[in-house]
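Secondary and tertiary structure notes
One letter stands for each residue in the lines below.
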Amino acid sequence: MLIRDVLYRQIELSYFILLGAGILFYSLLRCDRHTILVNFFVNSLIIAMMTGALILVYALKKKNKNFFHTKLGAGDVLFWILVTPLFAPANFILWMIFSLLLSLLPAAGQTLKKGTATAIPLAGYQSGILVAVLLLNNFLLHCNLFEEPLFLPAL
């Protein structure tokens, strides 16, 4: 996803289907179905509130009618929804903040280099960060991201 989004600025539906199947398989291996469902619903509510707040802000301030075409891609929101089962809500919020901030770094570098603002391939960058977080957790931290309230117990 990272390569497709950064280079071509589009991600085909098949990538999202494979990601969803992979996340479901990984989640079922790591924890029980009840935890997966709770994480999915609570984190989806967080995404809905966050996206709703963004739409409201842009609707009131900018009178922007095409929010999903100009500010946030529908694929970004779909990616967020697919990732919801992987984290307890506190971990999900931390991952979202961390990955959103890290996604700004390459975009800021491109803006400084070109002198104009560029679109951020958010789902691509966040997918790369997700892989890094999962690998770091599996090989170094050994934290239960599904149930523990924060990454902090592993540190």
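Relevant structure appears above.
Here is a short report on the structure shown in this document. (Residues numbered from 1 in each chain as written. Predicted model: local features only at pLDDT ≥ 70, side-chain atom pairs only at ≥ 80, totals over all residues. Heavy atoms only, no water.)

1. Regarding a nonpolar patch on the surface
A surface patch of nonpolar side chains, amounting to about 500 Å² of accessible area, comprises Leu 2, Ile 3, Val 6, Leu 7 and Tyr 8. In this fold, Ile 3 is placed in helix α1 (residues 2–8). (Patch = residues over 30% accessible without salt bridge, like charges linked within 9 Å, V, L, I, M, F, W, Y side chains within 5 Å. Areas by Shrake-Rupley, 256 points an atom, 1.4 Å probe, with all protein chains shown as cover. Salt bridge = Lys/Arg side-chain N within 4 Å of Asp/Glu carboxyl O. Helix = DSSP H or I, 4+ residues; strand = E, 2+ residues; numbered from the N terminus.)

2. Some thoughts on the packing of aromatic side chains
As enumerated under the stated definition, the model contains five aromatic pairs in all. Between Phe 87 and Trp 95, the ring centres sit 5.6 Å apart and the planes meet at 20 degrees, which makes this aromatic pair stacked. Comparing Phe 87 with Trp 95 shows no difference in burial state: the two are buried. Ring plane angle 35 degrees and centroid distance 6.2 Å describe the contact between Phe 92 and Trp 95, whose orientation is recorded as tilted. Taken together, the residues span about one helical turn, with Phe 92 and Trp 95 both in helix α6 (residues 89–114) at a distance of three residues. (Phe/Tyr/Trp six-rings, centres within 6.5 Å; stacked < 30°, edge-to-face > 60°. Buried < 20%, exposed > 50% of the residue type's maximum accessible area, 1.4 Å probe, protein only.)

3. Observations concerning unusual backbone geometry
A positive phi angle is found at Arg 9, which is not glycine, with a value near 60 degrees. Turning to its location among the elements, Arg 9 is positioned in the loop between α1 and α2 (13–30). Given the relative accessible area of 42%, Arg 9 is considered partly exposed. You will see that His 142, though not glycine, has its phi angle at about 55 degrees, which is positive. Mapped onto the elements of the fold, His 142 is located in the segment after α7 (122–141).

4. Thoughts on the environment of Glu 148
Within the secondary structure, Glu 148 sits in the segment after α7. The class for Glu 148 is partly exposed, based on a relative accessible area of 24%.

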